[in-house]
Amino acid sequence: MRNLEIPLRDTNEVIDLDLNQLPEGEDIVGILSTERVPLHIWLTLARTYYKQNKLNDFVLLLENCLRDASFDYQNQEKDKMLALDTLAAHYVRLGRKERNRENKRKHFAKATSLYTQADKIIMYDQNHLVGRAHFCLLEGDKTDQADAQFNFVLAKSDKHIAANMGKACILFNKKDYKGALNHFKKALKGNHNCPPSVRLGMGLCLYRLGNNAKAQLAFERTLELDPSSTGALIGLAILHLNSGDKERLHKGVKLLSTAYGFDSTNSMTLNHLANHFFFKKDYQKVQHLAQHALQGTEVEYIQSESCYQLARSYHNQEKYDQAFQYYYQSTQFASPSYVLPHFGLGQMYIARGDPVNAAYSFEKV
């Protein structure tokens, strides 16, 4: 659709708008408001601005539509909910990318308010519930609420792509990799044109289940669909790096460099590159990469890995005070199965002449 007809109020005339040459957002909002244009046209234009990466205009349309649009048509209630959910999802995306905690909180607060308003229109709409459930997962402390909403949707529509992906994420985080894989497969069966992230999820599950050959195929297929997928690049890189083969090791490092080129702030990429440079004995690069990784995430197991990379680089430089600091910090973030920082911390206690605490650290290894 290259053109869109905008009806003029109280006449049979229309404005024929070329969607490839959209006006400034303030201009189009002025026209739509004055002419009391139906809400569904506001939504069509908002999506068009979004696809053209004109995000300020996209937000401006959605912020004004519920006040100034006409609702005199069937299904207008669903469009009202869609306007609120679309704007909420935008603020969720902004919050997810935001590194500053206060700004992240503000974005998430806006999203919460918008989803709450949408609840009052059609609370049990499947797409609304799934969008809100994914937001609950991001907030971190509402996993049970998200799980209940995904289950509600899947009970009515077991092939719902986004609901299956959300359920898979919950199971993956609970280390139920087989269950997670089944839900990713259901999402794929529901639509073979589903997002590349479905195949990425399958690859991660297969890797955790020890099926490296199929995991590699899943990562490679993800990259065919989305060459900029940092998750697939990292997954494939890890498979190559763990192979022990010199040629594959080189491929793994190259894949990490490619991932860094697409997203230089991805903490997992930074940690793996730090690990590579540690074995090259380039400790300055290790510290630069790991410090940026630490600052760029709030995920504790990734923070633990970043601190460990910093600690062992200082350890090898015989800077024991800094090494002790980061080994200790790493143990505070570490999961019970991640024992390397405890071993390093034990060594630091020995260097400090503290055998009691050293023994306590070694007991955790």
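Let me begin by describing the structure that accompanies this report. Residue positions are counted from 1 within each chain, in the order its sequence is given. At least 70 in pLDDT is required for a residue's local features to be given in this predicted model, at least 80 for side-chain atom pairs to be given and counted, and no such filter applies to totals for whole chains, interfaces and linings, which use all residues. Heavy atoms throughout the structure, all of them, feed into the side-chain values; hydrogens and water do not.

1. Some points on the overall build of the protein
A tally of helices and strands in the protein yields 19 helices and two strands. With the C-alpha coordinates aligned to their principal axes, the bounding extent of the protein is approximately 90 × 40 × 40 Å. To sort residues, take the accessible area from a 1.4 Å probe on protein chains only and compare it with the maximum for the residue type: under 20% means buried, over 50% means exposed, and anything in between is partly exposed. In the protein, buried positions account for 44% of the 365 residues. It only takes one pair of heavy atoms within 4.5 Å for two residues to be counted as in contact. In the protein, the share of contacts with a sequence separation of at least 24, taken over all contacts with a separation of at least 6, comes to 47%. For the purpose of charge, His is not counted, nor are the chain termini; Lys and Arg are scored as positive and Asp and Glu as negative. Here the site of a charge means atom NZ of a Lys, CZ of an Arg, CG of an Asp or CD of a Glu. Taking the 45 positively charged and 40 negatively charged side chains of the protein as two groups, their mean positions are separated by 8 Å. Strands here mean DSSP runs of E at least two residues long; helices mean DSSP runs of H or I at least four residues long; both are numbered from the N terminus.

2. Section: the pattern of salt bridges
Should a side-chain nitrogen of Lys or Arg be within 4 Å of a carboxyl oxygen of Asp or Glu, the pair is scored as a salt bridge. Summed over the entire model, instances satisfying the criterion amount to 10 salt bridges. Residues Glu 77 and Lys 80 are paired through a salt bridge, measuring 3.5 Å at the closest nitrogen-oxygen approach. One end of the pair is Glu 77 and the other is Lys 80, both in helix 4 (residues 76–97) and three residues apart, which spans about a single turn. On the accessibility criterion, Glu 77 (34% relative accessible area) is partly exposed. In this structure, the salt-bridge partner of Arg 132 is Asp 119, at a minimum N-O distance of 2.5 Å. Residue Arg 132 is located in helix 6 (residues 126–139), and its partner Asp 119 is located in helix 5 (residues 101–119); the two are separated by 13 residues in the primary sequence. Here Arg 132 falls in the buried class, since its relative accessible area comes to 14%.

3. Topic: the nonpolar core
We define the nonpolar core as a collection of buried residues of types Ala, Val, Leu, Ile, Met, Phe, Trp, Tyr and Cys that are connected through side-chain atoms lying within 4.5 Å of one another. Ranked by internal contacts, the top residues of the largest apolar core, which has 54 residues, are Phe 184, Val 198, Phe 219, Tyr 326 and Tyr 327. Looking at this core, the element that brings in the most residues is helix 12 (residues 230–241), giving seven residues. Not counting residues within four places of it along the chain, the set of residues in contact with Tyr 326 comprises Gln 291, Leu 294, Cys 307, Leu 310, Ala 311 and Tyr 314.

4. With respect to the environment of Thr 222
Mapped onto the elements, Thr 222 comes out in helix 11 (residues 212–225). A C-alpha to C-alpha distance of 9.8 Å links Thr 222 and Met 202, two positions 20 residues apart in sequence.

5. A few points about unusual backbone geometry
The backbone of Arg 36 sits at a positive phi, close to 50°, despite the residue not being glycine. Along the polypeptide, Arg 36 turns up in the loop between helix 1 (25–34) and helix 2 (39–51).

6. Describing a positive patch on the surface
On the surface, a cluster of positive charge is made up of Lys 159, Lys 185, Lys 186, Lys 189 and Lys 214. At three residues, the largest contribution of residues to the positive patch is made by helix 9 (residues 177–190). Relative to the elements of secondary structure, Lys 185 occurs in helix 9. By relative accessible area, which is 37% here, Lys 185 ends up partly exposed. Patch membership is restricted to residues that have no salt bridge and whose relative accessible area is over 30%. Joining uses 9 Å for like charges and 5 Å for the nonpolar side chains Val, Leu, Ile, Met, Phe, Trp and Tyr. A 1.4 Å probe and the Shrake-Rupley method give the accessible areas. Residues count as covered only by the protein chains that appear here.

7. Topic: the pairing of strand 2 (residues 14–18)
Should DSSP find at least two bridges between two strands, the strands are taken to pair. Of the strand pairs in this sheet, strand 1 (residues 3–7) and strand 2 are connected by five bridges, and their pairing is antiparallel. By the bridge assignment for strand 2, Leu 4 is matched with Leu 17. Between strand 1 and strand 2, which pair antiparallel one after the other, the connecting turn spans six residues, and Asp 10 there sits at a positive phi close to 60°.

8. Regarding the packing of helix 12 against helix 13 (residues 246–262)
Here, axes are lines fitted to C-alpha atoms. For helices the fit covers the stretch in contact, and angles between N-to-C directions go from 0 to 180 degrees. Taken N-terminus to C-terminus, the directions of helix 12 and helix 13 make an angle of 160°; their axes are 8 Å apart at the nearest point. Between helix 12 and helix 13, the interaxial angle falls into the category roughly antiparallel. In the packing of helix 12 onto helix 13, the handedness of the crossing is left-handed. Together, Thr 230, Leu 233, Ile 234, Leu 236, Ala 237, Leu 239, His 240 and Leu 241 of helix 12 and Arg 248, Leu 249, Lys 251, Gly 252, Val 253, Leu 255, Leu 256, Thr 258, Ala 259 and Phe 262 of helix 13 make up the contact between the two elements. Classification convention: Asp, Glu, Lys, Arg as charged; Ala, Val, Leu, Ile, Met, Phe, Trp, Tyr, Cys, Pro as nonpolar; all other residues, Gly among them, as polar. Grouping the amino acids of the contact of helix 12 with helix 13 by side-chain chemistry returns 12 nonpolar, four polar and two charged. Any angle that falls under 35 degrees is termed roughly parallel, while one over 145 is termed roughly antiparallel, one within 65 to 115 roughly perpendicular, and all others oblique. Helix crossings are classified by the rotation of the near helix relative to the far one: an anticlockwise turn of less than a right angle makes the crossing left-handed, while a clockwise turn makes it right-handed.

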